[in-house]
Amino acid sequence: MYIANIKNSFLLLTTALLLTIGACSKMDDIEKKFTRDGEITYLSRADSLQAHGGNGRIDISWILFSDPKISSYKVYWNNGRDSATGAVDRLAGADTVHLTLTDMAEGTYYFKVFTFDASNHSSIQSSVTGKVYGPKYAASLLPRSYRKLRRIGDALQIEWMDGGDGFAGGSVRYTDNHGKPVKVTLPDRTDTTTLTAFPSGGTFDYTSAFVPEPGAIDTFYSEASVGVPVDTVHWNQYVAIFGHLGSLLAEDASGQIFWYGTDGENGFQKTTPSLLDYPWYIFNTMLSYQDNLIGRETGSGFLYRYQVDDKGVLAPAHWRIGPAGWDAFDLLFTNDDYLYGRYPDGALWRFPLLAGGAMGAGSLVTGSYNQYDKLIVCGSFLFGRDISGSLWRIGVNTDGTTEVPVLAAEQWGMYDIISVLGDNILARDETGTLWRIPVDTTGSLGQPSAITIVYESI
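Residues numbered from 1 in each chain as written. Predicted model: local features only at pLDDT ≥ 70, side-chain atom pairs only at ≥ 80, totals over all residues. Heavy atoms only, no water.

(A) Geometry of the overall build of the protein chain. Looking only at helices and strands, one finds two helices and 38 strands in the protein chain. Relative to its 458 residues, the protein chain shows a buried fraction of 42%. Considering only intrachain contacts with a sequence separation of at least 6, the fraction spanning at least 24 residues in the protein chain is 49%. A total accessible area of about 24,400 Å² is found for the protein chain, and carbon and sulfur atoms account for 53% of it. (Helix = DSSP H or I, 4+ residues; strand = E, 2+ residues; numbered from the N terminus. Buried < 20%, exposed > 50% of the residue type's maximum accessible area, 1.4 Å probe, protein only. Contact = heavy atoms within 4.5 Å. Areas by Shrake-Rupley, 256 points an atom, 1.4 Å probe, with all protein chains shown as cover.)

(B) Broad picture of the pairing of strand β25 (residues 314-321). Direction of pairing for strand β24 (residues 303-308) relative to β25: antiparallel, over a ladder of five bridges. Its bridge partner being in β25, Y304 is matched across the sheet by R320. Here β24 folds back onto β25 in antiparallel fashion, the turn holding five residues, of which G312 has a positive phi close to 80°. (Pairing = 2+ DSSP bridges.)

(C) Representation of the sheet that holds strand β33 (residues 406-409) in the model. Ordered in space as β30-β31-β32-β33, the four strands form an open sheet in which the pairing is antiparallel. Among the strands making up the open sheet, the edge pair consists of β30 (372-378) and β33. Each strand axis lies, on average, 30° off the axis of its neighbour in the sheet, ignoring direction. Where strand β31 (residues 381-386) and strand β32 (residues 391-395) come together, five bridges link them in antiparallel fashion. Bridging across to β32, R385 finds its partner in L391. (Axes fitted to C-alpha atoms, helices over the stretch in contact; angles between N-to-C directions.)

(D) Layout of the pattern of salt bridges. The full count for this structure, using the stated rule, is nine salt bridges. When the shortest N-O distance is used, the salt bridge between R342 and D330 registers 3.1 Å. Highlighted residues: R342 in strand β27 (residues 338-342) and D330 in the loop between β25 and β26 (331-334), separated in sequence by twelve residues. Within the structure, one salt-bridge network assembled from shared partners comprises R147, R150 and E159. (Salt bridge = Lys/Arg side-chain N within 4 Å of Asp/Glu carboxyl O.)

(E) Inspection of the side chain of R393 at higher detail. Within the fold, R393 resides in strand β32. Within polar-contact distance, the side chain of R393 engages the backbone oxygen of G443 at 3.3 Å. When sequence neighbours within four positions are dropped, the list of residues in contact with R393 reads F381, L382, F383, V404, P405, V406, A408, T442, G443 and S444. (Polar contact = N/O pair within 3.5 Å; in protein donor to acceptor, adjacent residues only side chain to side chain.)

(F) Seen up close, the nonpolar core. Counting 23 residues, the largest nonpolar core has I60, W62, L101 and F111 as the members making the most contacts within it. Mapped onto this core, the elements with two or more residues apiece are β3 (47-53), β4 (58-64), β5 (70-77), β7 (95-101), β8 (107-117) and β9 (126-132). Those residues in contact with F111, other than ones at most four positions away along the chain, are I58, I60, V75, Y76, W77, L101, M104, S126, S127, V128 and G130. Formed by 16 residues, the second largest nonpolar core is a distinct cluster that contains W235, F268, I451 and Y455. (Core = buried A, V, L, I, M, F, W, Y, C linked by side-chain atoms within 4.5 Å.)

(G) How the structure looks around the environment of T193. One can find T193 in strand β14 (residues 192-195). The exposure class assigned to T193 is buried, which follows from its relative accessible area of 5%. Sequence separation of T193 and Q157 is 36 residues, and the distance between their C-alpha atoms is 5.7 Å. Residues contacting T193, with those up to four places away along its chain left out, are L156, Q157, I158, W160, V184 and L186. Looking at T193, its side chain comes within polar contact range of the side chain of W160, at 2.8 Å.

(H) Just the packing of aromatic side chains, in detail. Taken as a whole, this structure holds 31 aromatic pairs when the rule is applied. Pairing W77 with F111 gives two aromatic rings, centres 6.0 Å apart and planes at 50°, and the pair type is tilted. On the criterion of sequence distance, the pair formed by W77 in strand β5 and F111 in strand β8 is long-range, its members being 34 residues apart. Each member of the pair W77 and F111 is classed as buried. On the basis of an interplanar angle of 80° and a centroid distance of 6.2 Å, the ring pair of F329 and F351 is categorised as edge-to-face. Taken together, the residues F329 in the loop between β25 and β26 and F351 in strand β28 (residues 348-352) connect sequence positions 22 residues apart. Through a chain of ring-to-ring contacts, the aromatic side chains of Y278, W280, F283, F302, Y304 and Y306 assemble into a single cluster. Between R350 and the ring centre of Y338, over which it is positioned, the NZ or CZ distance is 4.1 Å. (Phe/Tyr/Trp six-rings, centres within 6.5 Å; stacked < 30°, edge-to-face > 60°. Lys NZ or Arg CZ within 6 Å of the ring centre and 35° of its normal.)

(I) Structural context of the sheet that holds β5. The strand order across the open sheet formed by four strands is β6-β5-β8-β9, and the pairing between neighbours is antiparallel. At either margin of the open sheet sits one strand with a lone partner, and together these are β6 (82-87) and β9. Across this sheet, the average inter-strand angle for adjacent strands is 25°, counted without regard to direction. In this structure, β5 lies alongside β6, joined through six bridges in antiparallel fashion. If you follow Y73 over to β6, its bridge partner there is G86.

(J) Geometry of the confidence of the model for the protein chain. On average, residues of the protein chain carry a pLDDT of 88, and 88% of them reach 70 or more. Scored below 50 in pLDDT, residues 1-36 makes 16 contacts in the model with residues more than four places away or belonging to other chains. (pLDDT = per-residue confidence, 0-100.)

Structure below.
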């Protein structure tokens, strides 16, 4: 038993010795690669290796800590089929080496980096994966979208949506109301942009910048051009159109009334119509008197007064005017002094509208007026269109007496709406065109001009 144990111990010791000798032999083989003149040479490998992509190029960088033996490097990619070498100019302390590879095809690459000394001894490899960007990436980029355009005075406000991955800001360019080119820089965190003095129906160009990855060496750009959408008012969508404090009010078949403001130049602002929000459909007739809208209620025949200023702002309160019975008149119309009502038998009455919207006692206007299907008052004249389409002018004296009718114009049968805007007659023809015809102090008609309103439909 004792002899057997000695033999077993000897065998185990022999086996362990052989394994140790074999391992030392392998380490010697590895060590020989770094041995020079009997001394072991260890080269620092590329530390903190990074790859930053760009447009058809990529930057490979790494840190070399203080190692005076390193004199060059070599980078491999495409499974070793391509390579690049470079010399290392050492400075004190840690150095950062940059290698920019150009004319690279778009795609993902695996890079191996080795450092060398003057005797061509190599370090162990460092490796990194990097991506090169190009036409495919650029084609995938969409300009930053906007959620809404909003007009604020003469400025246009853009409300942006999220720019998406890699968005890095941009710029907006436009020509302002004064013909001056303007460029507005967009930080990447901007949610809204205001373009001051932006022309109505104008166009702006904008650039969106994208960085494909953190630290990318190139920025990609996507361009877009936006024309602010405009629309033209189609007057044939309205059942009534009349002037109010120099502006226009237009009522559609559903009873909605829209305000079109003046611009002091060619007539009317090129802005979106403003809705006077109220259930006007309860009235069968709408009239303008100074800063008031007057409506005749269907069924009851009552008149109600609403204040609307020259900006189209409707005051919340309203008042009833006079007693019931206004449905007895088949025509109602106004000027700045009177409300006129015609009975079906042709008798014409006028009622003074006093300060605060009160109504005075009515008086009969001399003459008979049942031969006219349209009646308006412009200045100190009544105008009536007869069934033949002729327009007649009738002078009205302060006491309500009238002068002999005078033919003012012919072929007015083409107009389905005839109303008043200040010292002008409004007339809409069968094509839907709205005409403005000036009336001078003698009651003569001037040259008609079409009212065309183009507004931003945003």
